Protein chains: 2
Amino acid sequence: MTQNKHLWCVIMAGGIGSRFWPVSNPDCPKQFIDVMGTGNTMLQMTVERFSRICPKERIVIVTGDAYADRVRELLPDLESWQILAEPLRRNTAPCIAYAASVIAHRDPNATIVVTPSDHAVFRRERFLADIRQAVATVADHDWIITLGALPTRPDTSYGYIQFREPSTSRQKHAGAGEQPDNLFEVVTFTEKPPLEMARNFIASGEFFWNAGIFVWTLPVLRKAYETYLPAIADTFFNLSSDTSREELENVYSHCEAISVDNGIMEHASNVHVLAASFGWSDVETWDSLYEVSRHDRNGNAVLCGNVFTYDTKNTLVVMPNDRTKNVVLEGLDGYIVAASRDTLLVCRRKNEDQLFRFASDVELKKLIDKK
Amino acid sequence: MTQNKHLWCVIMAGGIGSRFWPVSNPDCPKQFIDVMGTGNTMLQMTVERFSRICPKERIVIVTGDAYADRVRELLPDLESWQILAEPLRRNTAPCIAYAASVIAHRDPNATIVVTPSDHAVFRRERFLADIRQAVATVADHDWIITLGALPTRPDTSYGYIQFREPSTSRQKHAGAGEQPDNLFEVVTFTEKPPLEMARNFIASGEFFWNAGIFVWTLPVLRKAYETYLPAIADTFFNLSSDTSREELENVYSHCEAISVDNGIMEHASNVHVLAASFGWSDVETWDSLYEVSRHDRNGNAVLCGNVFTYDTKNTLVVMPNDRTKNVVLEGLDGYIVAASRDTLLVCRRKNEDQLFRFASDVELKKLIDKK
């Protein structure tokens, strides 16, 4: 398949990694960590994945000021204009608008894939095929395509997309045999529903998880911003190609903090969802990492480290990837054993919702010790 | 109390620390580790304890060649002749003979306290009083005094001393009211008895644990060696005061490897045991360290490290004493959590008898990785 010469990829790498403690933390959020034990950070894996359909010179990373140097180190192939540093965190709508405005100066006919930088994808060939299909589809339709993953549990930390068969368009295309059966119209977007609602979503069979990947052409993107987020559109799409640091700070300090889901996807009528045929996880929790990892016959998932297990089951081990460090575990069942450079965590998997408390206690102690 | 100007202390610091893994290992045996979390190694604590009754210039350390530099670093106050490096490990009888021969050149009227370097002592004032009493006793009697600790469990890793009331000497002294009631004649020495035997020992009420501390004058020591270990006596007590390295290697390579317990104490008739009034543990196992450590209200013993426990009980935590490292434990009951520089261990306390297996597996892996 020939490459689409106008295909661009925007990778959002500004998250602060509050939930994957202690391996991730505000100093080193998840996208900068080799969470999967592959030898590459999540960000590097994301770039690598997309570089198969989008050459690196058309990949743009948006991150926070504090992380820009880290991104440059991890991705030395990228030129400086490809790494955009936001002066303030303003959620995803401004982030995407900023990247789109930079791309617009270089390629007004761009098709843009927007993606998080810290999700896990399995079955890469299918992933690439799905992205190619989405890209081909938006070439023919003024649609916004979002990728949906089949939900497997009523997870309350995910976004849910309600879909329906595209009756009108299907009829329109049916004759031509063009409309594939993995593309659906979007009815609603729901961020982080309560548990009962998530259960109903799953039971109905009408919902996908929102994988956070959007595919749209620049004109469709721009029109969506102009329609639903006119203030952001007005600010960002009028930025010059050599915006000064001061100007950018001014823009961000006056800019609404809103997600692209809330700001656009929930309102736009031209959003379609493509049912992902690949495996996907946002890997936002230790338990989700455990679920997507390879297990040994005792149900242990050992991602990095020289780990020796004895009478140990259903346990996730994530240690710094240093071959001189050894971990011996005896008699654990259903635990997380994880370590960052300065903190070791041993915790039952079912109780990882207490992580925030643990992290607070440790950080508070650090502050007290400093005094 | 005036100091006995002929009192010398021999500290045996040549053990290779095979059981306290991974914190102790042949590279860094227990005597060189801050096991108790006090900020000082066991060896330093032993020197400090004895320096209250025996000035540092009369303390002699016997260690292995491989550890001599470490001892010098830990005890910079000692002069080079005070740190004796054995070229080979030959158990305690040659070790003590070597130190005694060095002391003999400097003080033929020495009284010598021989002690391990890696045991824990609690209630230091009582300890010092017991040692003083033993020293005073051997000034009046041609006895070997060993210190016995009241056994609290049928531990099969200890030596046991069977004692009896000193009927003859008691009668002799009874009139003068001199014989204290904490001194007993020794009937038998038994190293590491089987469990059933250890149980019977405890039940009989006639046994102490052998604390490994011996007090004797140099003439009594020498006579004991000449009587029961004549070859060792002949070799070591004829060493010159400036023995060459080659000579020492020759002596050790031809020398029997035997413990002072087996070689002398089991045979000599003049051995007496002084019932220790202090708390003692050889701290040879994680569980014994747990037993002697201070516990929080949940039964956790946290010896070093910034440790945060949640729903965690009866657990021993020994981490490198680095204030920048944090340990968060959730949902553990009855575990050992211990780390050396390169190895983390999480293991149920009841299963620490598998430590040797763990250590072997880790060391084997290291060897394979090196190839």
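Okay, so let's go over this structure. (Residues numbered from 1 in each chain as written. Chains lettered and ligands numbered in written order. Predicted model: local features only at pLDDT ≥ 70, side-chain atom pairs only at ≥ 80, totals over all residues. Heavy atoms only, no water.)

Overview of the relation of the copies chain B and chain A
One copy of the chain maps onto the second through a rotation about an axis and a displacement along it. Rotating chain B by 180 degrees and moving it 0.0 Å along the rotation axis overlays it on chain A with an RMSD of 0.0 Å. On the angle and the small slide along the axis, the relation comes out as a two-fold axis. Looking at the interface residues of chain B, 100% of them are also at the interface in chain A, so both copies use one shared face. (Least-squares fit on C-alpha atoms with pLDDT ≥ 70 in both. Contact = heavy atoms within 4.5 Å.)

Side note on the pattern of salt bridges
Side chains that carry opposite charge are capable of pairing whenever their charged atoms lie near each other. Tallied over the full model, the rule gives 42 salt bridges over all chains. Of the charged contacts, one joins A:Glu249 and A:Arg245 as a salt bridge, the two residues approaching to 3.3 Å between their closest N and O atoms. Placement of both A:Glu249 and A:Arg245 in helix 9 (residues 245–253) is noted, with a separation of 4 residues, approximately one turn of the helix. By relative accessible area, which is 38% here, A:Glu249 ends up partly exposed. Linking B:Glu48 and B:Lys56 is a salt bridge whose minimum nitrogen-to-oxygen distance equals 3.8 Å. On the basis of relative accessible area, B:Glu48 is assigned to the partly exposed category, the value being 40%. You can call B:Lys56 partly exposed: its relative accessible area is 27%. Each of the salt bridges in this network shares a partner with another, and the network as a whole consists of A:Lys30, A:Asp118 and A:Glu284. (Salt bridge = Lys/Arg side-chain N within 4 Å of Asp/Glu carboxyl O. Helix = DSSP H or I, 4+ residues; strand = E, 2+ residues; numbered from the N terminus. Buried < 20%, exposed > 50% of the residue type's maximum accessible area, 1.4 Å probe, protein only.)

Let's talk about the packing of aromatic side chains
Tallying each qualifying case throughout the model produces 40 aromatic pairs over all chains. On the basis of an interplanar angle of 10 degrees and a centroid distance of 3.8 Å, the ring pair of B:Phe201 and B:Phe207 is categorised as stacked. These aromatic residues form a ring-pair network of at least three members: A:Phe214, A:Trp216, A:Tyr225 and A:Phe237. Sitting above the plane of the A:Trp81 ring, A:Arg106 keeps its charged end 3.5 Å from the centroid. One Lys or Arg, B:Arg349, reaches over the ring of B:Tyr290 and ends 3.6 Å from the middle of that ring. (Phe/Tyr/Trp six-rings, centres within 6.5 Å; stacked < 30°, edge-to-face > 60°. Lys NZ or Arg CZ within 6 Å of the ring centre and 35° of its normal.)

So, the pairing of strand 15 (residues 326–330) of chain A
Within strand 15 of chain A, 5 of the 5 residues are buried, which leaves it mostly tucked inside the rest of the structure. Of the two faces of strand 15 of chain A, the one carrying A:Asn326, A:Val328 and A:Glu330 and the one carrying A:Val327 and A:Leu329 are both buried. Looking at chain direction, strand 13 (residues 306–310) of chain A and strand 15 of chain A are connected through 5 bridges and run parallel. Across the sheet, the residue bridging to A:Thr309 is A:Leu329, located in strand 15 of chain A. Direction of pairing for strand 15 of chain A relative to strand 17 (residues 343–348) of chain B: parallel, over a ladder of 4 bridges. Directly across from A:Leu329, in strand 17 of chain B, lies its bridge partner B:Val346. (Pairing = 2+ DSSP bridges.)

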